[in-house]
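Take a look at the letters that make up each chain.
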Amino acid sequence: MAIKKDPVDAVVVGMGWAGGIMAKELAQAGLTVVGLERGPYRNTAPHFQPPEIHDELRYARRHGLMQNLRRETNTFRNNPRQRALPMRQWAYGQGAYPLGEGLGGSGVHWNGQSWRFLPWDFETRSRTVERYGEEAIPPDATIQDWGITYDDLEPYYDKFEYAAGISGQAGNLQGQTQEGGNPFEGPRQRDYPLPPLKTAYSGLLFWEGAERLGYHPFPSPAGNQSQAYTNPDGVAMGRCLYCGFCSKYGCEVAAKSSPLTTVLPVVLGLDNFQLRTHANVIRVNLDDTRTRAVSVTYVDAQGREIEQPADIIVLAAYALNNVRLLLLSGIGQTYDPMSGEGLIGKNYSYQFISAVSAFFEDRVFNPFMSAGAMATVVDDFNGDNFDHTGLGFIGGGFIAQFTGEAAPINTHPVPLGTPPWGSEWKRAAAENYRRAFTIITHGAVLSYRNNYLDLDPTYRDAYGQPLLRMTFNWTDNELRMADFLTNKAALIAREAGASDINIFRLARTFSIVPGQATHNNGGAIMGADPATSVVNPYLQMWDVPNLFVVGASAFPQNTGYNPTETVGALAYWTADAIRNRYLKNPGPLA
């Protein structure tokens, strides 16, 4: 029998970006809050200090900050006719989606790219139909509008950027285009709190080449602090050292925005908040009416089942884990791709990356020193920033030259035709390490009828519970989009002066083995209609109004951008609705 704890006002499951923000906002409103984190406690000191934190073998190759796949993983297949198999080990280099674990979640090991979505991204279906007609939407696509607009979320984007200390150059201040920024971004009320990061020589060549082609380069918005910064809550952050250890690592000087450096220091100082680590939540418990959540049950470090009652329950785990908890708890109807009925697990979506390596005979770069989001970007082919007529796809992505993090074990660019091993390979790797850089494309993936999540009927985790099963593959829309963006990237590389290029196109069939984009979205999607969405525009379950599901699980389809800033903005948006509306009149917010 589970040990039952005293009731609290709110329990938050997951202590990453979404959970950290929700816990802080609700505790500051005076609620008693318990935060549950399945992984260990960790912090800048002592856990991320050099020299250990600069161990490439431990963190980049052996994934020291990631989930233990022997205890819990998920299964994968490309289509419903296949039998899914479990992901048993992290693949060479990275794997498709390394799953983080521990206090701060993936907000600790991310590289810091911090994007606002385009206004088009929130109204993908209606704006596509308006511009190109219904026939432009691919067959079997299940895309839909979010139920909110960019303008609704703009104040919460702003709040996240100032809480997290984002570095960047505004491109649209209150409707006025700003030189040097992204001219395609939605209007923002004020500039970033910090100036952009430095631009490397490789980024400058990319910038000049893109400009000669008529594109609009700008510095990537970054959750790496270009200057020392103190956020509105009084939390101080360091200045980025450009050390070259960012993605897959914790930051030694608290100069990378993370829950550990922004919101958690605030909430951990409040008497009405309690953090419990090594608390692996296994289900949400409903009352007999199935319309009210009463508690969550978790397994602690001693293997005991603990029940935590609460008036408000917030699922703020990673997108895949939010969906799995709903399925394990029997909340809502599981999506069935055959009938199209059910919503839990529907509209799972991913992203893609393709790349071009550019080699130079007469240029020397420093590929090692950098910040995680130190990049020059063009956004001319993202969203609906360009005319798609006759292209055979909708959506798009950005093209960027990211500088650095070229640690020696993982990075050894060589021209095509180089032998894969031996003395000739060693000579080419040494010769080209400082004479090459990579341009990537980062593209959107729409949602489709046969891309979805459910519980695996065969495989179980260490607690005896079914694993999450992922069914996913690329479609013609994404393959055409990827080829289009890759060709643009190659064009920029040649215009930048490359003497030779390697082109890495998107493979025709998705595999979880190679390193690529890492962003899983959907499965508990938001919307304005309970017939087509799991949560309402305030991320509140339609049928269980005291249960909120916060995170990228709410995205109806994926965009061309990294999701973190939108996850953070949605958390602030939801917390604001709870504080100012739900607490006064508990019940449905929409």
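Residues numbered from 1 in each chain as written. Predicted model: local features only at pLDDT ≥ 70, side-chain atom pairs only at ≥ 80, totals over all residues. Heavy atoms only, no water.

A. Quick peek at the sheet that holds strand S8 (residues 218-219). Strand order in this open sheet of six strands is S8-S16-S17-S18-S15-S21, and the pairing throughout is antiparallel. Across the chains shown, the open sheet's two edge strands, defined by having one partner strand only, are S8 and strand S21 (500-504). In this structure, strand S15 (residues 352-359) lies alongside S21, joined through five bridges in antiparallel fashion. Bridge pairing in S21 links Val 356 to Ile 503. (Pairing = 2+ DSSP bridges. Helix = DSSP H or I, 4+ residues; strand = E, 2+ residues; numbered from the N terminus.)

B. Quick peek at the packing of helix H5 (residues 150-164) against helix H11 (residues 564-582). Packing of H5 against H11 leaves a shortest axis separation of 8 Å and a crossing angle of 110 degrees. Accordingly, the angle class assigned to the pair H5 and H11 is roughly perpendicular. Our pair here, H5 against H11, has a crossing hand that is right-handed. Counted together, Asp 152, Leu 153, Tyr 156, Tyr 157, Lys 159, Phe 160, Glu 161 and Ala 163 of H5 and Thr 564, Glu 565, Thr 566, Gly 568, Ala 569, Leu 570, Tyr 572, Trp 573 and Asp 576 of H11 form the full contact between these two elements. Considered class by class, the residues forming the contact of H5 with H11 number nine nonpolar, three polar and five charged. (Axes fitted to C-alpha atoms, helices over the stretch in contact; angles between N-to-C directions. Parallel < 35°, antiparallel > 145°, perpendicular 65-115°, else oblique. Left-handed = near helix turned anticlockwise from the far one by under 90°. Contact = heavy atoms within 4.5 Å. Nonpolar A, V, L, I, M, F, W, Y, C, P; charged D, E, K, R; others polar.)

C. Inspection of the sheet that holds strand S20 (residues 466-471) at higher detail. Pairing is mixed across the open sheet formed by four strands, whose spatial order is S5-S4-S20-S19. Of all the strands in the sheet, the pair left with one neighbour each is strand S5 (85-86) and strand S19 (452-460). Where S19 meets S20, five bridges bridge the pair, whose relative direction is antiparallel. Bridge pairing links Tyr 452 to Thr 471 in S20.

D. Layout of the packing of aromatic side chains. All told, the structure shown has 39 aromatic pairs when counted by the stated rule. Between Trp 146 and Phe 555, the ring centres sit 5.0 Å apart and the planes meet at 40 degrees, which makes this aromatic pair tilted. Of this pair, Trp 146 sits in the loop between helix H4 (124-132) and H5 while Phe 555 sits in the loop between strand S22 (547-549) and H11, and the two are 409 residues apart along the sequence. Phe 555 carries the same exposure label as Trp 146, and that label is buried. A network of ring pairs unites the aromatic residues Trp 115, Phe 117, Phe 122, Trp 146, Phe 218, Phe 398, Phe 555 and Tyr 561 as a single cluster. Taking NZ or CZ as reference, Arg 188 lies 4.1 Å from the ring centre of Tyr 192, over its face. Positioned over the ring face of Tyr 538 is Arg 581, at 5.0 Å from the centre of the ring. (Phe/Tyr/Trp six-rings, centres within 6.5 Å; stacked < 30°, edge-to-face > 60°. Buried < 20%, exposed > 50% of the residue type's maximum accessible area, 1.4 Å probe, protein only. Lys NZ or Arg CZ within 6 Å of the ring centre and 35° of its normal.)

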